[in-house]
Structure formats: structure tokens, C-alpha cells
Amino acid sequence: MREGTLQGLALFEGFPESERRVLEAVFVEQRAPRGHIFIREGELARASTSAVYLVLEGEVIVTRSHKDGSLATTAFVRPGELFGIIGLATDMPRAATCMALGDVNVASLARPTFQHLRSQHTRLAARFELMLARQVVRDLRGLTGGIVDAFRRGHTAAFETIHGGDDD
Amino acid sequence: MPMTPSERLRARLDPTLATADAEWLAARMTERRGSAGDVVVRRGEWGDTLTFVLDGELCARVDVDGAQLDLARIGPGHWFGELQFIEPGPASATVVALTDFVALQTRSDEIDELLADRPQAAAALIRALLVEMCERLATTSAGVLERTSSTEYKIATPEHRKGWMGELLSRLFGGGGQR
């Protein structure tokens, strides 16, 4: 990733410049056409290929399938936002499909690269995981609110609009 | 022989964490004691503290429109307040002590100090919390869609929906099978 890309992104504000530089060196930029699927729901997260993605340009749509085969849109991931967090941290099957809505430019950080980073830069890796954890907390809070709201209303509409966040 | 606080912490965070790091973290955290009946956290109240239980038992519950739901029993080796520790904010559940208890606590504004002083210990703590929360998010999100897209849900009675809400919130709270 080009030097300076992370500068000015809200997510990376808490990182010292030297650490941002290290991250810029390990994130790999990738252009993808409209319709490209980065993550497919139901697939097993593989330690060798799972990655967390940062959207640089364009938009990524996150969908989940209902039992009847129809799709629910749970999030749009925009420039400066992440998706694929669960795949970086766990081996769980992918919970959603993440697809390019138009031509997109993303930067990915693969799990093996991150594991190497952790062994070399413990503090930086921990700060990065803390940033991911903050995103997950926001998603969990959104989900809690959605469940309670749906119970109160007694119908399913609230569930349809739950912010699935940038979880994959 | 009962486990020491640092052994409990190490078992919960990462069994490969150096003993010295686990001991340092346990010593760095603040001891909190309480009595049966104490309301340790109230749902909706702002907080920033992670509580790791060493001894005793507590219960996490929510009250929605008069329906009280017990989400999880929290005993030795388990924690609560992890969302608020990572991102200070309102508590998602009320936590009540069922017995006298002893716990270790640390606050969100101590994370930077932990990282500066003992990165390996801080990293193990952050990672354990991240992995656990990701698992909860994945299983609960799937559960919500599975449940609400079913015809069964659409024609369910309020009592049934209350049961499902409890099940989903329990998963979110990390209650697992401990409800």
C-alpha cells in the first residue's frame, strides 16, 4: 500500500506514524471489478487465505442469505471502513458474503502476514486488534438493540435493518 | 489445590502466555469484593470496566417491558463488562451477585499503560476478547436471520418470542449453555 494511505483515516488515528508506516508496508492493495466476491457466506475461513480488508475506493455490499434463499443486505462498507474481521480472528465459517458494488480498490491484510506482524511488533498488532475489537463491539451493540427492538415491536422488520456491521 | 488468580487469568487468556506476564497482569488489576445481592452493573449505565471473576457467582440479566431474562451465570474464570472495556458505553445487561464474590478489574483507560508496560500480557488480553466477541457476533447474527426468517417466528406468541429473544441475547452476552 502506498505510504501515507492510512494517514487521515479515522480508524488509524490512534496509531503513531511509525506504526502506520509498518501497516502500510504489509497491507496489499487490490483492484476488483463490480461483482467480485471477496468473501463467500458459508465457506470455511482458511488460515492461509483469510484476510481483513480496508476499503480505499468504492463500496462493498455485505449480504446474508435467508433459509428460503433470499438475500438480506446487512451493511455497505465504504472507504475507510473494514470488512472480514471475523475471518482474521477466528476459523468460523464465513457469516456473510462481501461483494464489490462497483469497481473497488481495497487493501488486504492476510492472516499469515498478520501473524508474522504479531511476532515482530507485539504492541502494534495488539493496537490493531484493539481497533478491530472496537468495531466488533459496535456491531454487537447494534445487534443487541435490534433484538430488543424486534421483541418490543413483535414483528420482523427490525431484524431486517439490523446493522450487520463490517463483520463478514 | 485451587488455582491462583494469575493461573485463572492465564487459562482464560492464553495457556501459552508466560507465567510472569500472567502474574504481572493479575497484580496490575484491582481486586473487587462484593456480597450476595449486590448489583454490580446496571443495564444502560455507562461503564468502562472489565471484571474477571475469581470466586463466587453472578448473574447477567435484562428486563424488557417487564420480562426479566437471565442471560448468563458468571463464575470463576469468566468475565463481564468486556464490551465497555474495549469501547466505554452503556452496559448491555444488569449483573447481580448471587453469592459473595472476589474479582479482578481493569479499566479501559488503562489499556495504553498495559500495552506500554507489558505488551505481551496486554496483547493476550485484547486478543482473547476479540476472538470471543467475533465468535458471538458470528453465531448470533446467523441465529437472528435463521430465527426471524422462519414462518414459525412470524406466527409465534409473544411468550415464544420472549424465549427466543432470551436465547439470542444470551448468545450475545456469551452465556452459552450457562443460562
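Going by the structure above, here's the rest.
Source: prediction; values computed, not measured. (Residues numbered from 1 in each chain as written. Chains lettered and ligands numbered in written order. Predicted model: local features only at pLDDT ≥ 70, side-chain atom pairs only at ≥ 80, totals over all residues. Heavy atoms only, no water.)

Caption draft 1: Here's a closer look at the sheet that holds strand S3 (residues 51–57) of chain A. Residue and element names in this part refer to chain A. Spatially, S1-S8-S3-S6 is the arrangement adopted by the four strands of the open sheet, whose pairing is antiparallel. Of all strands in the sheet, those bounded by a partner on one side alone are strand S1 (28–32) and strand S6 (82–83). Pairing between S3 and S6: two bridges, direction antiparallel. Along S6, the bridge assignment pairs Tyr53 with Phe83. Its contacts with the sheet put helix H3 (residues 111–120) on S3 and strand S8 (104–110), and the angle it makes with S8 is roughly 50°. (Pairing = 2+ DSSP bridges. Helix = DSSP H or I, 4+ residues; strand = E, 2+ residues; numbered from the N terminus. Contact = heavy atoms within 4.5 Å. Axes fitted to C-alpha atoms, helices over the stretch in contact; angles between N-to-C directions.)

Caption draft 2: Expanded view of the pattern of salt bridges. Residue and element names in this part refer to chain B. For the coordinates displayed, the defined rule picks out 22 salt bridges over all chains. Where Arg73 meets Glu57, a salt bridge forms, and the shortest distance between an N and an O atom there is 3.8 Å. Taken together, the residues Arg73 in strand S6 (residues 67–74) and Glu57 in the loop between strand S4 (49–55) and strand S5 (58–64) connect sequence positions 16 residues apart. Judged by its relative accessible area of 35%, Arg73 falls in the partly exposed class. The salt bridge partner of Arg136 is Glu132, with a shortest N-O separation of 2.3 Å. Of this pair, Arg136 and Glu132 both sit in helix H5 (residues 119–148), four residues apart, roughly one helical turn. (Salt bridge = Lys/Arg side-chain N within 4 Å of Asp/Glu carboxyl O. Buried < 20%, exposed > 50% of the residue type's maximum accessible area, 1.4 Å probe, protein only.)

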